[in-house]
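# Secondary and tertiary structure notes
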Amino acid sequence: MNTTTIKTKRGARVRVHHAGKGAPLIFLHGAVGLLPENRFLDRLAERCEVFAPELPGYGESTGEELLDDMLDFALHGWDVVGALGVEKPTLVGHSMGGMIAAEMACIAPNDVHHLALIAPAGLWLAEHPIADLFAMLPFEFARLLFHDPVAGAALLTGGLDFSNLEAVGAFYINNARQMGVAGKLLFPIPNRGLAKRLYRLTTPATLIWGENDKLIPLAYAERWKQLVPQAQLRVVAGAGHMVPYEKAEALVSWLAEISGA
Amino acid sequence: MRFTWFNLMPWPDLPDDFRERYRSVWVDIPNNLYDPRRGHFVYHQYMDQLEYADSLGFDGIGVNEHHQNGYGLMPSPNIIAAALARRTSRAAICVIGNSIALYNPPIRVAEEFAMLDVISGGRLIAGFPVGTPMDTNFCYGQIPSVTRDKYREAHELIMRAWHEDEIFAFDGKYTQLRYVNCWPKPIQKPHPPIYIPGGGSIETWDFCLDYDYNYSYLSFGGYKRGKQLMDGYWERVAQRKKDDSPYRAAFAQIICVGETDQQAEELYSEHVRYFFNRCLHVYPGFADPPGYRTIKTLKAGVLSQLTENALSKFPSLTWKDLVDERYIIAGSPATVRDQMVEMIKGLRIGHVFGLFHNGNMPDWKTRHSSKLFAEKVMPQLRDLWPDWKHDTRWWPQPMENRVQPERSLAGAERP
């Protein structure tokens, strides 16, 4: 994929991974950011025009100090769409990115072609508390995020050499920076009142959930279905929370289809 | 030199297998380990000890704030400080401190500290910690990456409330108040001495120097491990072209004094090991949530005390290790004096927060150690900074003709 850096009207500098032609699709990553390898995006770019912006504070993007609360993040999302010059995209959000995408669609439901939410954050069910990522060491994430934690750990770290202290330190600092930004939306409870705004969501919608999601369990899909009745729910067997990285094949064909490719 | 007698107020009945059975002494420590009826006696014993320290001639008596913590039973140190203000009239009352980002609105701290200063006749030292991640983020739900900004704003509000004589409106990001009007105001003008406890964020050094606040390094790692950090602080002081008065800095140290080295080990070993093995058993995931420390601090590699590998070594440390590695200063009055000199000179500190009660130490041993220190050690350490003898910038200036409430009997007829 190519990368370009855009500047939003608010002043954030955002690196966008970009490839493909056709109907526009914007992918918003989750709290752990885009991983070193993102094959699902490459595959998707064979079918439509894919934009994957990194949130400020993630990867090469800066300007996280400009974003304080949920409204800031949702408007930032639209600022990025505007700066890219894209009209009526399919909006795809994974985990925390799903929370942001849903808020964006609640603000401007008519500006979204289709909303696809992959195991989105943003709701809280007292009987199914979501594990506290902020009280975990980054090396503990894999078992919670992936159906196959061993393969997942390799994906998360991109084959990091754990005997190289400098590299481990850099990984740790990068994680602290990214998750520090995520905390603005997810800490201490990943609920910023989205449920009371979802009535505005008239956009065609799809919910995609890993059958074995240990972070945001499948019970949340049911709640989303109640709040967004028009959404179609697709449950992915053999996947955990990181569906895009675990089951790219099925995901890519669904996303290409709903984007109108 | 000035010496403050500090009590963390640990719960003394953590079970022998605490480490094996529970993941953390802090945040999610099981609530049923606390017995309120036993707690009644524990609180009174600890407050008696603080008052005893006043009678021994310690310059200050100190309390601090922790939440959901098995070794710190003071969610509200101001309550303890208020009780101490009524039963003492001499020593400074060090509240180190109130985590100002946690008070809503933070004007509450300006008011309560002013009350304490007024009741005590101007004896208050006011501490403003950013707060540990355990207290601030995990117990009190503050967003880690926002904590410092909220702290900064709370500080601004409190200082303006103390400094300004006119009512003002405060339009903050986190607090908006139409009528800021601090009633009462502190006796000490414009405000009590401010101490900033820090673990090792370099931003904290600059903050202290910007306002000329005392920097208090609160660590349980002892002065050998504290040296590198304090050296960094003094380098920063020099870079900022501030004077190097040792009274700019304070250090917390576990101190155990016996008649002999041998007696110190016999009396205190068990209790110090209780402290290190059970009280400092904190789940590492609570120690450093992403966003709490700035990227600048992370890149500088200054790790907070609780994330150091040293912590994981505590359980296997013997008394000899703890003494030889100077996690604690322990032994006969002569031994303790020599090591205190080494610490005070090495770290360049004018204030010591002495931790004399440790873990599950019984009352008589705590008093024994404190008395030996006050009588046989403290007098010999008084004049270690002759050039700065008259520097009182970081010490309270109480009223001279203040009330001595400990001498009045409740309910007694007035003459």
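See the structure above.
Thresholds applied
Residues numbered from 1 in each chain as written. Chains lettered and ligands numbered in written order. Predicted model: local features only at pLDDT ≥ 70, side-chain atom pairs only at ≥ 80, totals over all residues. Buried ≥ 20, exposed ≤ 12 C-beta atoms within 10 Å, placed from the backbone. Helix = DSSP H or I, 4+ residues; strand = E, 2+ residues; numbered from the N terminus. Pairing = 2+ DSSP bridges. Core = buried A, V, L, I, M, F, W, Y, C linked by C-beta atoms within 7 Å. Contact = placed C-beta atoms within 7 Å. Axes fitted to C-alpha atoms, helices over the stretch in contact; angles between N-to-C directions. Parallel < 35°, antiparallel > 145°, perpendicular 65-115°, else oblique. Left-handed = near helix turned anticlockwise from the far one by under 90°. Nonpolar A, V, L, I, M, F, W, Y, C, P; charged D, E, K, R; others polar.

### A few points about the pairing of strand β7 (residues 194–198) of chain B
All names here are of chain B. Among the five residues of β7, five are classified as buried, and the element is accordingly described as predominantly covered. Pairing between strand β4 (residues 124–127) and β7: two bridges, direction parallel. Of the residues in β7, the one forming a bridge with Gly127 is Tyr195. Of the strand pairs in this sheet, β7 and strand β8 (residues 214–217) are connected by four bridges, and their pairing is parallel.

### A closer look at the nonpolar core
Membership of the largest hydrophobic core comes to 193 residues, with the highest contact counts inside it found for Val92(A), Ala101(A), Ile93(B) and Val95(B). Contact partners of Ala101(A), with chain neighbours within four places excluded, come to Leu28(A), Leu91(A), Val92(A), Gly93(A), Leu115(A) and Leu117(A).

### Notes on the packing of helix α4 (residues 107–119) of chain B against helix α6 (residues 147–163) of chain B
Two measures define how a pair of helices packs: the angle their axes make with one another and the distance between the axes. Residues and elements named next belong to chain B. Two elements in contact, α4 and α6, have axes whose closest approach is 8 Å; the angle formed by their N-to-C orientations is 45°. Judged on the interaxial angle alone, α6 and α4 are oblique. Handedness of the α4/α6 crossing: right-handed. Only Leu157, Ile158, Ala161 and Trp162 of α6 make contact with α4, whose side of the interface consists of Ile107, Val109 and Ala110.

### Some remarks on the sheet that holds strand β7 (residues 205–210) of chain A
Residue and element names in this part refer to chain A. The eight strands lie next to each other as β1-β2-β4-β3-β5-β6-β7-β8, forming an open sheet whose pairing is mixed. On the outer flanks of this sheet lie β1 (2–7) and β8 (232–236), each paired with one strand and no other. Neighbour to neighbour, the strand axes of the sheet diverge by 20° on average, direction disregarded. Docked against the sheet, helix α2 (residues 70–84) engages β1, β2 (13–19), β3 (24–28) and β4 (49–53), running at close to 110° with respect to β1. Sitting on the sheet, helix α7 (residues 219–227) is in contact with β7 and β8, with an inclination near 170° to β7.

### A word on the pairing of β3(A)
Side chains on a regular strand alternate between the two faces of the sheet. Residues and elements named next belong to chain A. The element β3 is extensively covered by neighbouring structure, given that five of its five residues are classed as buried. Side chains Pro24, Ile26 and Leu28 project from β3 onto one buried face, and the interleaved Leu25 and Phe27 project onto a second face that is buried too. Of the strand pairs in this sheet, β3 and β4 are connected by three bridges, and their pairing is parallel. Bridge pairing in β4 places Leu25 opposite Val50. In this structure, β3 lies alongside strand β5 (residues 90–94), joined through four bridges in parallel fashion.

### Here we look at the packing of helix α2 (residues 36–56) of chain B against helix α3 (residues 77–87) of chain B
Residue and element names in this part refer to chain B. For the pair α2 and α3, interaxial distance at closest approach is 10 Å and the crossing angle is 45°. It follows that α2 is oblique to α3 by the angle criterion. Between α2 and α3 lies a crossing of right-handed hand. Where α2 abuts α3, its residues Met47, Leu50 and Glu51 lie against Ile80, Ala83, Leu84 and Arg87. Partitioning the contact of α2 with α3 into residue classes produces five nonpolar, no polar and two charged.

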